[in-house]
Amino acid sequence: ALLLLFFGTWPFAAVKLPEVDAFVPALASALFVSDCVTAALLFAQFSMLRQWALLVITSGYLFTALIVVAHAVTFPGAFTPSGFVRSGLQSAVWLYWFWHSGLPLATIGYTLLKDNDRVAEVHSARRAVSLSVAGVLALVTALFWFVTRYEHLLPITFVDVHPLSLFRRIIGGVVVLVLGGIALWSLWTRQRSLLDQWLVVALCALLLEVLLASVLSAGRYNLAWYAGRFYQLVT
């Protein structure tokens, strides 16, 4: 179904659609709630099974939940024309790439650890959850601070809310596609559980979204851009 939707979108990717300023904050709220619920359920599973692999993938979903908020805050037009807290045109773009690198990296770590028989002690598991939450929060805060405080140091990808060039626009997409491809291949060959199977589906949705965002979408608020947001919800 995801592939059919992707190929159905492809011929009409550049069709311009109305700019709905409230769309990004509304979507970010839905993604934040969804990813927080997912992280909470996986934290509960880790506390019972105490498998380190579960803590890694849980941290990935918590990272996604928090950086979604950072991305929405810096997105031009979501709350203000240029975004909050001194953010520039490049801030939201690079937060987007950090966001879409988090889940593939967490999946790779999960895949490498999930067949390990070692489990955490009960007291170690509780401390690990606290350290995981604190570490992810610190990481997202640091990334947010860097892309807003030093936005002028970031490679220029967007000018006046339009992509600079195809080459510059797809660099981040290629990196995420490579990471996502590695994560998908490693998980596909080692899937043992229902969780593994659904993570495969999530990674497929993420890769299709990045294809839409980095290759087909020549700007914002066109059909490919809105379709990519649908894939975010699926992921």
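Data block above holds the structure.
What counts, and at which threshold
- Residues numbered from 1 in each chain as written.
- Predicted model: local features only at pLDDT ≥ 70, side-chain atom pairs only at ≥ 80, totals over all residues.
- Heavy atoms only, no water.
- Helix = DSSP H or I, 4+ residues; strand = E, 2+ residues; numbered from the N terminus.
- Expected span 1.5 Å × (residues − 1).
- Buried < 20%, exposed > 50% of the residue type's maximum accessible area, 1.4 Å probe, protein only.
- Axes fitted to C-alpha atoms, helices over the stretch in contact; angles between N-to-C directions.
- Parallel < 35°, antiparallel > 145°, perpendicular 65-115°, else oblique.
- Left-handed = near helix turned anticlockwise from the far one by under 90°.
- Contact = heavy atoms within 4.5 Å.
- Salt bridge = Lys/Arg side-chain N within 4 Å of Asp/Glu carboxyl O.
- Nonpolar A, V, L, I, M, F, W, Y, C, P; charged D, E, K, R; others polar.

Asker: How would you sum up helix 2 (residues 23–49)? Please name residues and give values.
Answerer: The end-to-end C-alpha distance of helix 2, which contains 27 residues, comes to 39 Å, matching closely the 39 Å that a straight helix rising 1.5 Å per residue would cover. Residues of helix 2 that are buried: Val24, Pro25, Leu27, Ala28, Leu31, Asp35, Ala39, Leu42, Phe43 and Phe46. Positive backbone phi, approximately 55 degrees, marks Arg50, located one or two places after helix 2.

Asker: If you had to explain the packing of helix 2 against helix 8 (residues 223–234) to someone new, which residues and values would you point to?
Answerer: The contact between helix 2 and helix 8 brings their axes to 10 Å, and the two run at 15 degrees. In terms of axis orientation, helix 2 runs roughly parallel to helix 8. Here helix 2 runs over helix 8; the crossing is left-handed. Across from Phe23, Val24, Leu27, Ala30 and Leu31 in helix 2, the residues of helix 8 making contact are Trp225, Tyr226, Arg229, Gln232 and Leu233.

Asker: Would you mind going over the pattern of salt bridges in detail, with residue names and values included?
Answerer: If charged atoms from side chains of opposite charge come close, those side chains can pair. On inspection of all chains with the given rule, the structure shows two salt bridges. Linking Lys114 and Asp115 is a salt bridge whose minimum nitrogen-to-oxygen distance equals 3.7 Å. Judged by relative accessible area, which is 13%, Lys114 ranks as buried. Here Asp115 falls in the partly exposed class, since its relative accessible area comes to 45%. Between Asp196 and Lys114 there is a salt bridge, with the nearest N and O atoms lying 3.0 Å from each other. On the criterion of sequence distance, the pair formed by Asp196 in helix 7 (residues 194–216) and Lys114 in the loop between helix 4 (89–113) and helix 5 (122–149) is long-range, its members being 82 residues apart. Taking relative accessible area as the criterion, Asp196 reaches 1% and is therefore assigned buried.

Asker: I'd like a description of the packing of helix 2 against helix 3 (residues 52–74), backed by residues and values.
Answerer: Relative to each other, helix 2 and helix 3 sit at 160 degrees, their axes nearing to 8 Å. One way to sum up the angle between helix 2 and helix 3 is to call them roughly antiparallel. As helix 2 runs across helix 3, the sense of the crossing is left-handed. Looking at side-chain class alone, the contact of helix 2 with helix 3 contains 21 nonpolar, four polar and one charged residues.

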